[in-house]
Amino acid sequence: MRPVILIGIVLIVLGAAGLIAGEIPYKTERNTVSMGPVQATVQEERKISIPPIFAGLTMAVGTALVVAGRKKSQS
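What you are looking at is a predicted structure, and each value in this text was computed from that prediction instead of being measured.

## Quick word on the confidence of the model for the protein chain
Now for step 1: Residues of the protein chain with pLDDT of at least 70 account for 95%, and the chain-wide mean is 90.
Now for step 2: At the low end of the mean pLDDT range in the protein chain sits strand S1 (residues 23-35), at 87; at the high end sits helix H1 (residues 3-21), at 94.

## What to know about the pairing of S1
Now for step 1: Two elements, S1 and strand S2 (residues 38-49), share 12 bridges in a ladder whose sense is antiparallel. The residue of S2 that forms the bridge with Arg-30 is Val-42.
Now for step 2: The hairpin formed by S1 and S2 contains two residues between the paired strands, and Gly-36 there has a positive phi angle of roughly 65°.

## Quick look at H1
Now for step 1: Under the 1.5 Å per step criterion, the end-to-end length of H1 is 27 Å for 19 residues, consistent within 8% with the ideal 27 Å.
Now for step 2: Within the span of H1, buried status applies to Ile-5, Gly-8, Gly-15 and Gly-18. Along the axis of H1, the buried residues cluster in a sector spanning 145°; they form a single face. Every exposed residue of H1 that faces more than 90 degrees away from the buried side is listed here: Pro-3, Val-13, Leu-14, Ile-20 and Ala-21.
Now for step 3: Positive phi appears at Gly-22, one or two residues downstream of H1, with a value of about 85°.

## Comments concerning the side chain of Thr-58
Now for step 1: Among the structural elements, Thr-58 can be located in helix H2 (residues 52-74).
Now for step 2: A distance of 2.8 Å separates a polar atom in the side chain of Thr-58 from the backbone oxygen of Phe-54.
Now for step 3: Aside from chain neighbours lying at most four places away, what touches Thr-58 is Leu-11 and Gly-15.

Thresholds, definitions, all that
Once a new chain begins, its residue numbering starts again from 1 and follows that chain's sequence as written. A pLDDT threshold of at least 70 governs which residues receive local features in this predicted model, and a stricter bar of 80 or more applies before side-chain atom pairs are shown or counted, although totals over entire chains, interfaces and linings include all residues. Water and hydrogen atoms play no part in the side-chain values, which are based on all heavy atoms of the structure. The quantity known as pLDDT measures the predictor's confidence residue by residue, on a range of 0 to 100. Only runs of H or I of at least four residues qualify as helices and only runs of E of at least two qualify as strands under DSSP, and these elements are numbered from the N terminus. Strands are treated as partners if at least two bridges between them are detected by DSSP. Residue count minus one, scaled by 1.5 Å, sets the expected span of a helix. Using a 1.4 Å probe on the protein chains alone, a residue whose accessible area is under 20% of its type maximum counts as buried, one over 50% counts as exposed, and one in between counts as partly exposed. In this context, the arc is that of the directions from the helix axis out to the C-beta atoms. Throughout this description, a polar contact denotes any pair of N or O atoms lying within 3.5 Å of each other; where both atoms belong to protein, one of them has to be capable of donating a hydrogen while the other can accept it, and for residues adjacent in sequence the pair is counted only when both atoms sit in side chains. The contact definition used throughout considers only heavy atoms, calling two residues in contact when any of these lie within 4.5 Å.

Take a look at the structure:
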């Protein structure tokens, strides 16, 4: 399989996942109190929002790469 087609498939899958999920959650830790040997940390959950237009464009670029890779391999 050509690398262009493989990259296109990966982009299509990532774009579809972005449309379905809509956001990527992640956790961060930060120190709130630090007095000598005593430390207190807070774990916060944050989310990165994925705009639907970005996910759609990712899928479109992936589709274009798959089509271009197939045309190139046939000639």
